[in-house]
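# Examination of the molecular architecture
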Amino acid sequence: MKDVAQLTVEEAKAELARLAKEIAAADGAYYQDDAPDLTDAEYDALKHYNAAIEARFPQLVRPDSPSKRVGAAVQSKFNKITHRFPMLSLGDVFAIAEVADFVMSVKRFLNSSENIAFMAEPKIDGLSFTARYENRRFVSGATRGDGVVGEDISENLKTIKQLPLVLPPDAPEIVEVRGEVYMAKKDFLALNEKNAADGGKIFANPRNAAAGSLRQLDPKITAARRLSIWAYTWGEVSVPQWQTQAEFFQKLQEWGFPVNPLNKICYSLADMEANFAQMMEIRASLPYDIDGIVYKVNDIVLQERLGFLTRTPRWAIAHKFPAEQALTRINNIRVQVGRTGVLTPVADLEPVNVGGVMVAHATLHNEDEIKRKDFRIGDMVVVQRAGDVIPQVVEVKFDKRPVDAKPYEFPHRCPECGAHAVREEGEAAWRCSGGLTCPAQAKEHLKHFVAKEAFDIVGLGDKVIEEFYDDGILRTPVDIFTLEQRNGTMATPDLFAFAEESGLHIEQRSGWGKASAQKLFDAVNARRKISLPRFIYALGIPQVGAATALLLAKNYGSFAALEQEMMARETAKLVTIDGIGANMAQDIVEFFNEPHNIGAIAALRKHVIIEEFVDDEIKDSPLSGKTVVFTGTLEQMTRAEAKAMAQKYGAKVAGSVSAHTDLVVVGADAGSKAKKAAELGVKTISEDEFLTMVK
């Protein structure tokens, strides 16, 4: 990976886009399939790199950033449970200096110079769960899922003997206890030994074994496997009976839940550093896997003041253990072509075990990175599984370089279609100029269109997309919605060369039949009505991920309203949306003014209904949809707290007053913003009035 300090703005933008895509794919493999294609350290390396770029270029933070993302969509084979309170993930750090930055950020947000106590908890490498109790009886259990909706694992969770099914009389009437399901190392080894003898599945690590065991359709299988739990937090609770994390742990123990005995209060950064070092030292001897330490503000009142970012709490952080490394050989360097045409070099490695996971491939990022580190085919290199996704090739062992190793020449033609590759001034990436005439780009665009966060069409996986594209059955997204109509008939000759000769008969294809073909048609028809955020995301607009699509949906309400303003190149409202900068706004506008895109959207709208957006959570809020500006010194909260509170209730927070501003909250010693509000006739309110409004 390129040194963050050396990245240009355009390079950083390209890297963040690449990281968002790669980490999203890894999340799906990890959370949904229980078959991660990256090790924890590789995954952590990518996220750490992403976080470092975002820290240096905060104006480039993508709404679909991995830092805002949790898990993946639930599997269809399980019923769904919507969490009363979202199950959010934690931000990751990898050095004590970053822990220090976290502590300082907490103090700045609270405007406090006092020492703050943190609860340090071993970060269990398992599967998150929530257990709901009503009238002190267990009623349901769920996985984290995507943080909002999880899988119903009630029957399976009940098979874990450590989980109390009835709470004592002094427990709240309603409480959700959350924690981690894990498999102890000895139980993992015993399971793999038994499966090997029986010809069953061999799990890669205890986390995979725990996840696979917990998500069995037959609870008897779960019961036969020795799963364990640690409890460490809560969701909904009718009457909280604790004021600190430590008091909550005491309550958990009184109710019969297992609480990790290694949890410890740290009163200073030195305490946190010492605790981390101790956990590193004893990690290998623990009977279960941990991959870091979680630090939480111990005081619950302070937690509530700090609140949450989009997907992570401000009051907690995960300090991950360092990467593991190994030495291997680069057997080949090849170039992959992505959906946006970016040519990405990939090293094919002699497979090597890095921390228990076989690594065979690693990205080399771009031509500049290859030249800077002088990677060559045949080189012996150090491969690292760092704190955030994908494997990194860290360095070349020049003393082991073959005498005939030649410098790698980056191709300036697309390896998929042969079109010229171009590199814009200031960019690190080479891009294929073939556009949608390039099979790689067209295929990747189709895969994006049917992805889970987009149209989510079951049955159109990557292999089917590639097969149908190669045989001329699919070329553009709209072709998906004419599949059933064209099946058994002659297709349009200029688009479907394969179909021109033989007609579409999907049921006659190898691996298909009438039932499977009809199942595909039904899956397509079930997606002819789609929510506005999903539709926007599916279009593949540059820089617009799922989170940005949701922002656009919230602010425009309908696709027609968004399209009309973008085609008119009206960006005044767009750039006031917190999270959308001028650069991103320009990409969105240009997308809606490209003739090919206009035609594609028009064709799609003949086949799908795009629902208008209604945010049920905030539709009744007096701040919903309003643009709010804060000015002056606030006395009852920090500016960061006020901004977070306004956004929580559906407001858009802007930094300056304009004709698009709805409300200005005026604190002490207000300056030019209050004056401009008066000139424009924008309503102003005091801090007390703002607090009354949100309460």
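### Focus: the packing of aromatic side chains
One pass over the structure, following the stated rule, counts 22 aromatic pairs. Measuring from ring centre to ring centre gives 5.7 Å for W230 and Y288, while their planes differ by 70°; the resulting arrangement is edge-to-face. You can see W230 sitting in strand β8 (residues 228–237) and its partner Y288 sitting in the loop between α9 (269–282) and β10 (290–297), a full 58 residues away along the chain. As far as burial versus exposure is concerned, W230 and Y288 are alike and both buried.

### So, helix α3 (residues 96–110)
Helix length check: α3 (15 residues) gives 21 Å between terminal C-alpha atoms against 21 Å at 1.5 Å per residue, within 8%. Within α3, burial applies to V99, F102, V103, V106, K107, F109 and L110. In a view along the axis of α3, the buried residues occupy a sector of 165°, so they form one face of it. Structural note: α3 exposes D101 and R108 on the side pointing more than 90 degrees away from its buried face. Looking one or two places after α3, you find N111, whose phi comes out positive at around 55°.

### Some remarks on the packing of helix α20 (residues 559–567) against helix α21 (residues 582–592)
The contact between α20 and α21 brings their axes to 8 Å, and the two run at 95°. When the axes of α20 and α21 are compared, the pair comes out roughly perpendicular. When α20 is examined against α21, the residues F559, L562, E563, M566 and M567 are found in contact with a partner set consisting of I588, V589 and F592. When grouped by side-chain class, the residues that make up the contact of α20 with α21 number seven nonpolar, no polar and one charged.

### Some points on the environment of V629
Within the element layout of this structure, V629 appears in strand β21 (residues 627–631). When the C-alpha positions of V629 and A677 are compared, they lie 9.7 Å apart, and in sequence the two are 48 residues distant. Filtering out sequence-adjacent residues up to four positions away, V629 remains in contact with A654, S656, V657, T661, L663, V664, V665 and K673.

### Concerning helix α22 (residues 595–604)
Because the α-helix completes a turn every 3.6 residues, residues three or four places apart line up on one side. Taken residue by residue, α22 has N597, I601 and L604 as its buried positions. Angular distribution of buried residues about the axis of α22 spans 60°; they occupy a single face of the element.

### Observations concerning the side chain of N298
Mapped onto the fold, N298 is located in the loop between β10 and α10 (300–306). Here N298 is in contact with A117, F118, M119, Q243, T244, Q245, A246 and I265, once residues within four sequence places are set aside.

### A look at the pattern of salt bridges
Tallied over the entire structure, the rule returns 40 salt bridges. A salt bridge links R132 to E134, with the nearest nitrogen and oxygen atoms 2.9 Å apart. For E134, a relative accessible area of 31% translates into the label partly exposed. Between R605 and E563 there is a salt bridge, with its nearest N and O atoms 3.0 Å apart. Of this pair, R605 sits in the loop between α22 and β20 (609–610) while E563 sits in helix α20, and the two are 42 residues apart along the sequence. E563 gets classed as buried once you look at its relative accessible area, which sits at 14%. Taken together, the shared-partner salt bridges connect R84, R132, E134, E176, R178 and E236 into one network.

### Digging into the sheet that holds strand β4 (residues 127–134)
One open sheet accounts for four strands, arranged β5-β4-β7-β8; its pairing is antiparallel. The strands lining the two open edges of the sheet, one partner per strand, are β5 (137–143) and β8. The sheet shows a mean angle of 25° between the axes of neighbouring strands, taken without regard to direction. Across eight bridges, β4 lies against strand β7 (residues 174–182) in antiparallel orientation. Residue S128 lies in a different strand from β7, and its bridge partner there is E180.

### Description of the sheet that holds strand β2 (residues 92–93)
Overall, mixed pairing links the five strands, which are arranged β2-β11-β10-β3-β9 in an open sheet. Taken across any chain shown, the strands that pair with only one partner, and hence form the sheet edges, are β2 and β9 (264–266). Where β2 meets strand β11 (residues 316–320), two bridges bridge the pair, whose relative direction is parallel. Opposite V93, over in β11, you have H319 as the bridge partner. Sitting on the sheet, helix α8 (residues 245–255) touches β3 (118–124), β9 and β10, and the angle it makes with β3 is about 55°.

### Concerning the nonpolar core
Grouped together as the largest cluster of nonpolar side chains are 55 residues, with contacts concentrated most on I480, I536 and L574. In terms of residue count, the dominant contributor to this core is α21 (six residues). Leaving out residues up to four positions away in the same chain, I480 has contacts with L446, F449, V450, I457, L460, L474 and V524. If you look at the next biggest cluster of nonpolar residues, it comprises 37 residues, including M119, L157, V181 and F249.

### Focus on the environment of T312
Mapped onto the secondary structure, T312 falls in the loop between α10 and β11. With 90 residues separating them along the chain, T312 and T222 place their C-alpha atoms 31 Å apart.

### Some remarks on the side chain of H319
Within the secondary structure layout, H319 lies in strand β11. What makes H319 buried here is its relative accessible area of 3%. Sequence-distant contacts of H319, that is, excluding residues within four places in its chain, are made with V93, F94, A95, I96, V99, F276, G292, I293 and Y295.

### Concerning the confidence of the model for the protein
Looking at the protein, the pLDDT average stands at 85 and 91% of residues meet or exceed 70. Summarising per-element confidence for the protein, the mean pLDDT is lowest in helix α16 (residues 497–502) (40) and highest in β9 (97). Predicted confidence is poor over residues 490–502, with pLDDT under 50, and the contacts of this stretch with residues over four places away or in other chains come to 22 contacts.

### Details of the pairing of β11
The element β11 is largely enclosed, with a buried count of five among its five residues. Side-chain alternation along β11 places A316, A318 and K320 on one buried face and I317 and H319 on a second face that is also buried. Across five bridges, the pairing between β10 and β11 is antiparallel. Bridging across to β11, G292 finds its partner in K320.

Rules and cut-offs
Residues numbered from 1 in each chain as written. Predicted model: local features only at pLDDT ≥ 70, side-chain atom pairs only at ≥ 80, totals over all residues. Heavy atoms only, no water. Phe/Tyr/Trp six-rings, centres within 6.5 Å; stacked < 30°, edge-to-face > 60°. Helix = DSSP H or I, 4+ residues; strand = E, 2+ residues; numbered from the N terminus. Buried < 20%, exposed > 50% of the residue type's maximum accessible area, 1.4 Å probe, protein only. Expected span 1.5 Å × (residues − 1). Arc of directions from axis to C-beta. Axes fitted to C-alpha atoms, helices over the stretch in contact; angles between N-to-C directions. Parallel < 35°, antiparallel > 145°, perpendicular 65-115°, else oblique. Contact = heavy atoms within 4.5 Å. Nonpolar A, V, L, I, M, F, W, Y, C, P; charged D, E, K, R; others polar. Salt bridge = Lys/Arg side-chain N within 4 Å of Asp/Glu carboxyl O. Pairing = 2+ DSSP bridges. Core = buried A, V, L, I, M, F, W, Y, C linked by side-chain atoms within 4.5 Å. pLDDT = per-residue confidence, 0-100.

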